[in-house]
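Next come the chains, spelled out residue by residue.
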Amino acid sequence: MFRITNFQLYCLLFILVAPIAVFEQPHRLIHILFNNAWLAFIAAIVPAILLALMFSHIIKKSTQPFPLILHEHLGKYPGFILGILYIGVFILTCSFNLRVFIEFMKTNVLPNTPISIFIGVIIFLGFVAIKSGLNNIARIGEIFIITAVPLLFFIVLLALFSSFHIDRIYPVGYMDYKSFGLGVFVATLILGKMMPILTLAFFIPDKNKTLPLMTKVIFTYLIMMALITFSIIVTLGTYPALNFVFPSFNMLRFSHLGEFVQNLEIVIVALMITGFFGAFVISWFMTCYTTQKLFNLKDYRFLAAPTSVMIGILSIIISQNVLEVVIWSMTVIIYLFAVFFIIIPFIVFIICLFKADPATSNFTGEENSPEFS
């Protein structure tokens, strides 16, 4: 019996990529391309598809899920060392996602709440989710995709038509190639967070059918981000948007239905909390699962307790205020994702090009999968 369905895998990948990006990416891209930031997401289709093809090829040429993929293609000792580094990267990703969520809540929703309250509640809920297994996390993802994503599109369109100033988008395409290339790179980079597909693909009926799922994630993500960034520029204006840490949320405040139904952004806050939580928990699961496989442990669940302490402490010391979170977002995190989610998988991809297809081409990883029930 397979552990997750294809649709659940699509949901997990989308949650890894989209919820944090909705509030981070427009801020990054507008600082690089100003009023043309939305064009970067359209141009990112080509490199994003190439990224999906790379992950798909690695999966087809592998017989074991990540992190054992590193052992299989790079050798035992290099694979083990890189696996240890990936544990640290997943922990840092969890802590950073948690801190972004905290700063968003502090800035826009509950400004007087101590961060220790946020950290304690989210980590406790994440601990329960890790203990309950990936299957239940996938069900949370299904709820998020079915409810939050259509509603987000609807509220963004309401905000767009409530304060539509097309002149703010001009001049279209007036930018230098260096800035545009950097913008496309940043827009594509966040899709590297699909890298856990190298593990999750082995828990669906056929691991060789991941490419269509990743393609759907890419198109949904890029269309959504292009629309949101376009709406921010048209409603807020480029230079006002530069002064907001979370311009997406400020743009959503324009959404209303007539004169009676207003403040719809709070609905998005409630739903996006689920998305933030999902991205946080999936990275946490990857921390525990990678540790289990590297050290050949019987289960991964007992690792939730010690890693929760590391995640909580790191989320506190990672920055002192929202400005430092922004600096991390635009510097350290970009390079971290580039190296571990794109460059290292690309090296593995190059090695896989010179390897024959494994004999067990229909292997799904069920034999090596942890018990999720």
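Residues numbered from 1 in each chain as written. Predicted model: local features only at pLDDT ≥ 70, side-chain atom pairs only at ≥ 80, totals over all residues. Heavy atoms only, no water.

A look at the side chain of R99
Residue position: R99 is located in helix 5 (residues 76-108). Apart from the residues lying within four places of it in its own chain, the contact partners of R99 are S315, I316, I318, S319, Q320, N321 and V325. (Helix = DSSP H or I, 4+ residues; strand = E, 2+ residues; numbered from the N terminus. Contact = heavy atoms within 4.5 Å.)

Some points on the packing of helix 1 (residues 6-33) against helix 10 (residues 210-236)
Contact geometry for helix 1 and helix 10: axes closest at 9 Å, N-to-C directions at 30°. By the angle between their axes, helix 1 is roughly parallel relative to helix 10. The chirality of how helix 1 crosses helix 10 is right-handed. A breakdown of the residues in the contact of helix 1 with helix 10 according to their chemical character gives 19 nonpolar, five polar and one charged. (Axes fitted to C-alpha atoms, helices over the stretch in contact; angles between N-to-C directions. Parallel < 35°, antiparallel > 145°, perpendicular 65-115°, else oblique. Left-handed = near helix turned anticlockwise from the far one by under 90°. Nonpolar A, V, L, I, M, F, W, Y, C, P; charged D, E, K, R; others polar.)

Overview of the confidence of the model for the chain
Averaged over every residue, the pLDDT of the chain is 84; the share at 70 or more is 93%. Mean pLDDT in the chain bottoms out at helix 15 (residues 322-330), which sits at 78, and peaks at helix 3 (residues 45-60), which reaches 93. In the model, residues 360-373 has pLDDT below 50 throughout and makes 42 contacts with residues more than four positions away in sequence or in other chains. (pLDDT = per-residue confidence, 0-100.)

Some remarks on a nonpolar patch on the surface
A cluster of nonpolar residues, F80, I81, I84, L85 and F295, forms a patch on the protein surface that exposes about 430 Å² of accessible area. Assignment of secondary structure puts F80 in helix 5. (Patch = residues over 30% accessible without salt bridge, like charges linked within 9 Å, V, L, I, M, F, W, Y side chains within 5 Å. Areas by Shrake-Rupley, 256 points an atom, 1.4 Å probe, with all protein chains shown as cover. Salt bridge = Lys/Arg side-chain N within 4 Å of Asp/Glu carboxyl O.)

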